[in-house]
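# A look at the structure
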Amino acid sequence: MTEFTHITDDRVRMVDVSSKNEVSREALASGTIILRPETLKAIATGSTIKGNVLATARVAATLAIKDTFRIIPMCHNIPVHGIDIDFEQDETSITARVKVISSGKTGVEMEALVGVSTALLTIWDMVKSAEKDDNGQYPVTLIKEIRVDEKQKGQHP
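Each chain carries its own residue numbering, running from 1 in the written order of its sequence. The predicted origin of the model limits local features to residues at a pLDDT of at least 70 and limits the giving and counting of side-chain atom pairs to 80 or more, whereas totals for whole chains, interfaces and linings rest on all residues. For the side-chain quantities, the full set of heavy atoms in the structure was used; hydrogens and water were omitted.

### A few points about the overall build of the protein
Using the following cut-off: Secondary structure elements follow DSSP: runs of H or I of four or more residues count as helices, runs of E of two or more count as strands, with numbering from the N terminus. Exposure is judged per residue with a 1.4 Å probe applied to protein chains only, and the accessible area is read against the type maximum: over 50% gives exposed, under 20% gives buried, and values in between give partly exposed. When checking whether two residues touch, look at their non-hydrogen atoms; a contact exists if any pair is within 4.5 Å. Note on areas: Shrake-Rupley, 1.4 Å probe, and residue coverage restricted to the protein chains presented here.
Helices and strands together make up the secondary structure of the protein, namely 4 helices and 6 strands. Starting at the N terminus and ending at the C terminus, the protein contains elements arranged as β-β-β-α-α-α-β-β-α-β. The dimensions of the protein, computed from C-alpha atoms along their principal axes, are 55 × 35 × 25 Å. Residue burial in the protein is summarised as follows: out of 157 residues, 36% are buried. Residue pairs in contact within the protein that sit at least 24 positions apart in sequence constitute 75% of those at least 6 positions apart. Carbon and sulfur atoms make up 51% of the accessible area of the protein, which totals about 9,400 Å².

Structural data, given as structure tokens:
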């Protein structure tokens with residue numbers, strides 16, 4: 001049977017990590033946003049109405065990573081020692097990759113996932129006027145494949 005560490009007798013709780021040793025921890029997460037080709041071109045050429053889309057997404061992701069414990073109720077407030085946010089753009093999409101480095105008693109997967117999600121949502125927000133159709137809908141725009149690609153405990157490569 002699967003063990004859910006945040007649930008005891010139908011009560012949600014924050015896990016007590018006080019007895020755990022502090023070790024180095026790292027998580028890498030990624031996700032992709034699908035956009036119209038014209039929108040992607042505007043991002044690449046820096047001609048979007050709201051400004052530099054990827055720079056704004058990078059800042060938003062950084063802030064979100066540092067505040068993950070405020071967003072996800074049972075996450076611990078952990079020290080974040082390093083953040084690396086990269087974007088890869090092709091003809092149909094932008095992929096965000098976020099690496100978070102810490103040293104503590106609990107992992108940084110949620111911080112990496114929150115960073116990726118926030119980066120992608122910020123991209124959407126920055127270009128939503130260009131992505132809407134005549135009915136105000138988003139027929140192309142899609143966020144997908146948000147996942148933890150890798151995590152490490154006890155060593156940094």
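### Details of the pairing of strand β4 (residues 80–89)
This is how it is decided: Here the rule is simple: two strands pair whenever DSSP picks up at least two bridges between them.
Bridge count for β4 against strand β5 (residues 93–104) is 9 bridges, and the pairing is antiparallel. Across the sheet, the residue bridging to aspartate 84 is lysine 99, located in β5. Here β4 folds back onto β5 in antiparallel fashion, the turn holding 3 residues.

### Focus: the packing of helix α2 (residues 53–66) against helix α4 (residues 109–131)
What counts is decided by this rule: For helices, the fitted line uses only the C-alpha atoms of the stretch in contact; every axis is such a line through C-alpha atoms, and the angle between N-to-C directions lies from 0 to 180 degrees. Two helices crossing with the near one rotated counterclockwise from the far one by less than a right angle form a left-handed crossing, whereas a clockwise rotation gives a right-handed crossing. Under the scheme applied, nonpolar residues are Ala, Val, Leu, Ile, Met, Phe, Trp, Tyr, Cys and Pro; charged residues are Asp, Glu, Lys and Arg; polar residues are all the others, including Gly.
Relative to each other, α2 and α4 sit at 145°, their axes nearing to 8 Å. Relative to α4, α2 is oriented so that their crossing is right-handed. Here Val53, Leu54, Thr56, Ala57, Ala60, Ala61, Ala64 and Ile65 of α2 lie close against α4, whose contacting residues are Glu111, Val114, Gly115, Thr118, Ala119, Thr122, Ile123, Met126 and Val127. Considered class by class, the residues forming the contact of α2 with α4 number 12 nonpolar, 4 polar and 1 charged.

### With respect to the nonpolar core
Just so we agree on the cut-off: For the purposes of this section, nonpolar cores are sets of buried Ala, Val, Leu, Ile, Met, Phe, Trp, Tyr and Cys residues that join through side-chain atoms within 4.5 Å.
In terms of nonpolar packing, the biggest core is built from 27 residues, with Leu35, Ile43, Val53, Leu54, Phe87, Ile94 and Ile123 touching the most fellow members. For this core, the element with the most residues is α4, which contributes 8 residues. Beyond its immediate stretch of four places on either side in the chain, isoleucine 94 contacts Gly31, Thr32, Ile33, Leu35, Leu40, Ile43, Leu54, Phe87, Glu88, Gln89, Leu120 and Ile123.

### Topic: the packing of aromatic side chains
The description of an aromatic ring pair uses the distance of the two centres, along with the angle that the planes make with each other. Rules: Think of it this way: a Phe, Tyr or Trp ring, Trp meaning its six-membered ring, pairs with another when their centres are within 6.5 Å, and the plane angle makes it stacked under 30 degrees, edge-to-face over 60, tilted otherwise.
Summed over the entire model, instances satisfying the criterion amount to 1 aromatic pair. Here tryptophan 124 and tyrosine 138 contribute two aromatic rings whose centre-to-centre distance is 5.3 Å and whose plane-to-plane angle is 70°, an arrangement assigned as edge-to-face. Remark: tyrosine 138 occurs in the loop between α4 and β6 (142–153) and tryptophan 124 occurs in helix α4; sequence separation between them is 14 residues.

### Re the side chain of threonine 48
Threshold: Under this definition, polar contacts are N or O atom pairs within 3.5 Å; protein pairs additionally need one hydrogen-donor-capable and one acceptor-capable atom, and for neighbouring residues in sequence, both atoms have to be side-chain atoms.
Mapped onto the elements, threonine 48 comes out in the loop between α1 (37–45) and α2. Only 2.4 Å separates the side chain of threonine 48 from the backbone oxygen of glycine 51, close enough to count as a polar contact.

### Section: the sheet that holds β6
The strand order across the open sheet built from 4 strands is β4-β5-β3-β6, with neighbouring strands paired in antiparallel fashion. Each edge of the sheet is formed by a strand with only one pairing partner; in this case those strands are β4 and β6. Mean inter-strand twist for the sheet, computed between neighbouring axes without regard to direction, equals 15°. Each of β4 and β5 touches α1; the most contacted strand, β4, lies at about 125° to it. Sitting on the sheet, α4 touches β3 (23–34), β4, β5 and β6, and the angle it makes with β3 is about 25°.

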